[in-house]
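Each chain, letter by letter, is given below.
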Amino acid sequence: MAGTRGEFSSRLGFILAASGSAVGLGNIWGFPTQAASNGGAAFLLMYLLMAFMLAYPALMAELIIGRHAKANIVTALRQVSGNGLTRFIGSLTGFAGIITASLILAFYGIVAGWMIAFAAAPMASTIGAEGVASWLTGFGNERNLVFMLIFMLMTSLIISGGVRNGIEKWSSRLMPVLLIILVGLIGYVLTLPGAMEGVKVYLLPDFGRSFNFQLIVNALGQAFFSLSLGVGTMLIYGSYISKKENIASLGRAITLIDIGIAVLAGMLIIPAMYVAQHNGVEIFDAGGKLIAEDTLIFTVLPALFDTMGGTGVVIGFSFFVLMTIAALTSSISMLEAPVSYVNEVHGLSRRASSFLVSGIIAVISVLIVFNFGDLFGLVINLTTRYAQPLLGLMLCLFAGWIWHRNQVLEEIKAGFEQAEQSLFWRIWPVYIRYVCPLAILTVFGQKVLG
Ligand code: TRP
């Protein structure tokens, strides 16, 4: 299929697509709630450290391998491996990545479907369809199924459009909207009574907690999930970057945008919780901890919007549209990982590959929907807590040990002539060879054993 491969039309096109992948439910939901339950700014500081010291180097590994090979993760890892055994390990790692990306999409699609349902609910109640509204917001198999399917269809329609007409076009449309809604909501929430208390909780560090090991584990996991690492999504986006671009600076831009949006989202969610408390909504659980996870998003925040009357309808709608957009620009990157493989290696057209792969993933989602108690948490745990860090580790080993150092340098130099004298080249090779693998192993070992 060489020659017909897609490529992002510009630097900005890549930045919007890749930051669209990175910015997702992990930023707007995961990061703020983790910060809230892990000492506010103490978590933020540890997160910044993990993101720059470990996730950014790992992101660079994926982008560089991807752009060099100009191929999906399986072909790419085979290509940078020398002999038979490493090639075989490359194939295995690539397949594991594709399967992990698919499984992540299988649960992510269900959660994203809830966002659409919750965006539709305020409209249903406005027109007096209370029965519909409560169906939309109540937990049920039918609702979960219908909205998961709608979301999967949207994802596969975008991916069937290809790199420029699908991924780039939609990321460029949706990311600015996301930013506008986010900033608008923050501006509004900060004017409400109670908000400032939330700002304090969020921004004043509780330093006693930043050195606790669990916090480091959480921060690293959050950084890896948020930068979409380990499963080949960033690798495949990297493969669509033109050779003219300076890849180190692109990676830095993505990392900064991802962190920036997460921090901004915290300025929305945490103050909103304290506004909710001010309006009489319970925000602490029985143990005195801030309510987090799904209860926060689907109970506390809607309860807040309810206390706001007519404005609440608009705010609630905007909030869940924001969540849906964030999820969609991420889900397309998950789907692109397996689709690019089927398309490039098995020669199936992009359209056929998109619908075939998303169909298979939707079947997995259906299984999860109907066995929710058994499968939902299990799949999340297996993919994000185990597979993702291990695959991230493998990709560091490929970039740091298996692939030739000179070829790595050549690839970076393609769009960055002075690369050899740069700060990046003085630090990154050491990081990717020693620091990242050891850090991931330490954190992972602790998680498995402890
Ligand atoms: N980074 C996205 C988020 O924060 C999710 C995501 C997209 C992802 N692609 C991924 C997570 C690949 C893991 C692997 O929500």
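Conventions we followed
- Residues numbered from 1 in each chain as written.
- Predicted model: local features only at pLDDT ≥ 70, side-chain atom pairs only at ≥ 80, totals over all residues.
- Heavy atoms only, no water.
- Helix = DSSP H or I, 4+ residues; strand = E, 2+ residues; numbered from the N terminus.
- Expected span 1.5 Å × (residues − 1).
- Buried < 20%, exposed > 50% of the residue type's maximum accessible area, 1.4 Å probe, protein only.
- Contact = heavy atoms within 4.5 Å.
- 1 Å grid on protein atoms, 1.4 Å probe; cavity = no way out; pocket = protein on both sides within 12 Å on 5 of 7 lines; lining within 4 Å.
- Points joined across faces, edges and corners; volume = space filled by probe spheres on them.
- Nonpolar A, V, L, I, M, F, W, Y, C, P; charged D, E, K, R; others polar.
- Core = buried A, V, L, I, M, F, W, Y, C linked by side-chain atoms within 4.5 Å.
- Near = heavy atom within 4 Å.
- Polar contact = N/O pair within 3.5 Å; in protein donor to acceptor, adjacent residues only side chain to side chain.
- Areas by Shrake-Rupley, 256 points an atom, 1.4 Å probe, with all protein chains shown as cover.
- Sits in = over half its atoms within 2 Å of the grid points.
- Phe/Tyr/Trp six-rings, centres within 6.5 Å; stacked < 30°, edge-to-face > 60°.

A. Region of interest: helix H10 (residues 213–226). Taking 1.5 Å per residue as the helical rise, H10 with its 14 residues ought to reach 20 Å, and the 20 Å between its terminal C-alpha atoms agrees with that figure. Along H10, the positions that sit buried rather than exposed are Leu-215, Ile-216, Val-217, Ala-219, Leu-220, Gln-222, Ala-223, Phe-224 and Ser-226. On its buried face, H10 sits against helix H1 (11–22), helix H2 (25–37), helix H3 (41–69), helix H12 (247–278), helix H16 (372–402) and helix H18 (423–449).

B. Looking closely at the layout of surface pockets. Estimated volume of the largest pocket: approximately 1,300 Å³. Along its surface, the largest pocket is lined by 38 residues, and Gly-30, Gln-34, Glu-293, Ile-380 and Thr-384 are the ones closest to its centre. When residues of the lining of the largest pocket are traced back to their parent elements, those giving at least two are H2, helix H5 (84–126), H10, helix H13 (293–306) and H16. Per-class residue counts for the lining of the largest pocket are 16 nonpolar, 16 polar and 6 charged.

C. Here's a closer look at the nonpolar core. Grouped together as the largest cluster of nonpolar side chains are 167 residues, with contacts concentrated most on Phe-14, Ile-297, Phe-319, Ile-412 and Trp-428. The contact partners of Ile-412, leaving out residues within four places of it in the chain, are Ile-64, Arg-67, Ile-247, Ala-419, Phe-424, Trp-425 and Trp-428.

D. Geometry of the site of the ligand. Near the ligand you find 17 residues, and of these Ala-22, Gly-26, Tyr-108, Phe-225 and Ser-226 are the closest. Between the ligand and Ser-21, the relevant distance is 3.2 Å, taken from a nitrogen atom to a main-chain nitrogen or oxygen of the residue. Within the backbone of Ser-226, a nitrogen or oxygen atom sits 3.0 Å from a nitrogen atom of the ligand. The protein chains hide 100% of the 370 Å² of surface that the ligand would expose on its own. Of the pockets mapped on this structure, the ligand occupies the largest cavity. Only H1, H2, H5, H10 and helix H14 (309–345) provide two or more residues apiece to the shell around the ligand. Of the residues contributing to the shell around the ligand, the split by class is 7 nonpolar, 10 polar and no charged.

E. Here's a closer look at the packing of aromatic side chains. In total, this model carries 29 aromatic pairs according to the counting rule given. Considering the side-chain rings of Phe-118 and Phe-298, the 4.8 Å spacing of their centres and the 50 degrees angle between planes classify their relative orientation as tilted. Placement of the pair is Phe-118 in helix H5 and Phe-298 in helix H13, with a sequence separation of 180 residues. Centroid distance Trp-135 to Phe-147: 6.2 Å. Interplanar angle 50 degrees. Geometry classified as tilted. Linking Trp-135 in helix H6 (residues 130–137) with Phe-147 in helix H7 (residues 141–160), this pair joins segments that are 12 residues apart in sequence. The exposure class of Phe-147 is buried, given its relative accessible area of 9%.

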